[in-house]
Amino acid sequence: MADSIEDAVSQALETAPARNFRETVDLAINLRDLDLNDPSNRVDDEVVLPAGTGQETQIVVIAEGETALRAEDVADDVLSGDDLSDLASEENDAKDLADETDFFIAEADMMQDVASNLGRILGPRGKMPTPLQPDDDVVETVNRMKNTVQIRSRDRRTFHTRVGAEDMTADEIADNIDVIVRRLEADLEKGPLNIDGIYVKTTMGPSVEVPV
């Protein structure tokens, strides 16, 4: 096993075979001694990566008025209340939007409309919007979410999350991994004792165990 997180990332980057596309760097997390049939034991969190994700993050804002206008400059798409109603009757379009979008952000007073129109599509995918409170700045929120990843175990003992891209430095990716590991240890019932192992790899490369 590598001596440090940065060493593990370096090994993963160096042993990855050359590809003709830009690979992501992913983390595989194995849990233990948890009953994941109980939803309260599952990992379901969003983590802001200090060095960014290294990838484009698709963000859709659901808003009206001035908030919608400001969001147009930073979000990939902006939906109004009427758009929600239209999507409710176009299930395939709604599913495509949910699958293509990393995060949804919605004005707090529109969350009920989101739930009634798109809840059955977004809920099972873990894509229900982050509520935007009246005092929140939509531009700041979108920019923060662009550097955010989801860590979600569902009922699986092993799950994955993105921690960077192959053209980022090992130090940057290691910083991202460190933040995720710290969050996991804080959230899990028995902290590091609930972690069976963590591995880092590029999209097509071999896995390298991360010391925790």
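Residues numbered from 1 in each chain as written. Predicted model: local features only at pLDDT ≥ 70, side-chain atom pairs only at ≥ 80, totals over all residues. Heavy atoms only, no water.

A. Quick look at the overall build of the protein. The helix and strand tally for the protein stands at 7 helices and 10 strands. Its C-alpha atoms give the protein a radius of gyration of 19 Å, near enough to 17 Å, the size a compact globule of 212 residues would have. The C-alpha extent of the protein, read off along each of the three principal axes, is 55 × 40 × 35 Å. Looking at the protein as a whole, 45% of its 212 residues qualify as buried. Long-range pairs, those at least 24 residues apart, make up 77% of the contacts in the protein between residues at least 6 apart in sequence. Counting every atom, the protein has about 10,800 Å² of accessible surface; 41% of that belongs to carbon and sulfur. In the protein, the 20 positive side-chain charges and the 48 negative ones have mean positions that sit 7 Å from each other. (Helix = DSSP H or I, 4+ residues; strand = E, 2+ residues; numbered from the N terminus. Rg over C-alpha atoms; globule rule 2.2 N^0.38 Å. Buried < 20%, exposed > 50% of the residue type's maximum accessible area, 1.4 Å probe, protein only. Contact = heavy atoms within 4.5 Å. Areas by Shrake-Rupley, 256 points an atom, 1.4 Å probe, with all protein chains shown as cover. Lys, Arg positive; Asp, Glu negative; His and termini not counted. Charge placed at Lys NZ, Arg CZ, Asp CG, Glu CD.)

B. Region of interest: the sheet that holds strand 6 (residues 130–132). Reading across from one edge, 4-3-5-6 is the order of the 4 strands in this open sheet, with parallel pairing throughout. In this open sheet, the two strands that pair with only one neighbour each are strand 4 (77–79) and strand 6. Averaged over neighbouring strand pairs, the angle between their axes works out to 25° when direction is ignored. Bridge count for strand 3 (residues 59–62) against strand 5 (residues 103–107) is 4 bridges, and the pairing is parallel. When the bridges of strand 5 are listed, Val-61 appears paired with Ile-105. (Pairing = 2+ DSSP bridges. Axes fitted to C-alpha atoms, helices over the stretch in contact; angles between N-to-C directions.)

C. Broad picture of the nonpolar core. Counting residues in hydrophobic clusters, the biggest one holds 32 residues, and the most contacted among them are Leu-27, Ile-177, Ile-180, Leu-184 and Val-200. Of all the secondary structure elements, the ones that give two or more residues to this core are helix 1 (5–15), strand 1 (24–31), strand 7 (148–152), strand 8 (158–165), helix 7 (170–187) and strand 9 (195–202). Among the elements that take part in this core, helix 7 stands out by supplying 7 residues, more than any other. Each residue touching Leu-184, except ones within four places of it in the same chain, is listed here: Ile-29, Val-43, Ile-151, Phe-159 and Ile-195. In terms of nonpolar packing, the next biggest core, distinct from the first, is built from 16 residues, Leu-79, Met-110, Val-114 and Leu-118 among them. (Core = buried A, V, L, I, M, F, W, Y, C linked by side-chain atoms within 4.5 Å.)

D. Molecular detail of the side chain of Asn-30. By secondary structure assignment, the location of Asn-30 is in strand 1. The buried category is assigned to Asn-30, whose relative accessible area is 14%. Those residues in contact with Asn-30 that sit more than four places away from it in its chain are Arg-157, Thr-158, Asn-194, Ile-195, Asp-196, Gly-197 and Tyr-199.

E. Representation of the environment of Leu-188 within the structure. Relative to the helices and strands, Leu-188 resides in the loop between helix 7 and strand 9. We classify Leu-188 as buried; its relative accessible area is 6%. A sequence separation of 147 residues divides Leu-188 from Asn-41, and the C-alpha atoms of the two residues are 7.6 Å apart. Sequence-distant contacts of Leu-188, defined by excluding residues within four places in its chain, comprise Leu-31, Leu-34, Val-43, Asn-194 and Ile-195.

F. View of the environment of Asp-175. Considering the arrangement of structural elements, one finds Asp-175 in helix 7. Separated by 150 residues in sequence, Asp-175 and Val-25 place their C-alpha atoms 13 Å apart.

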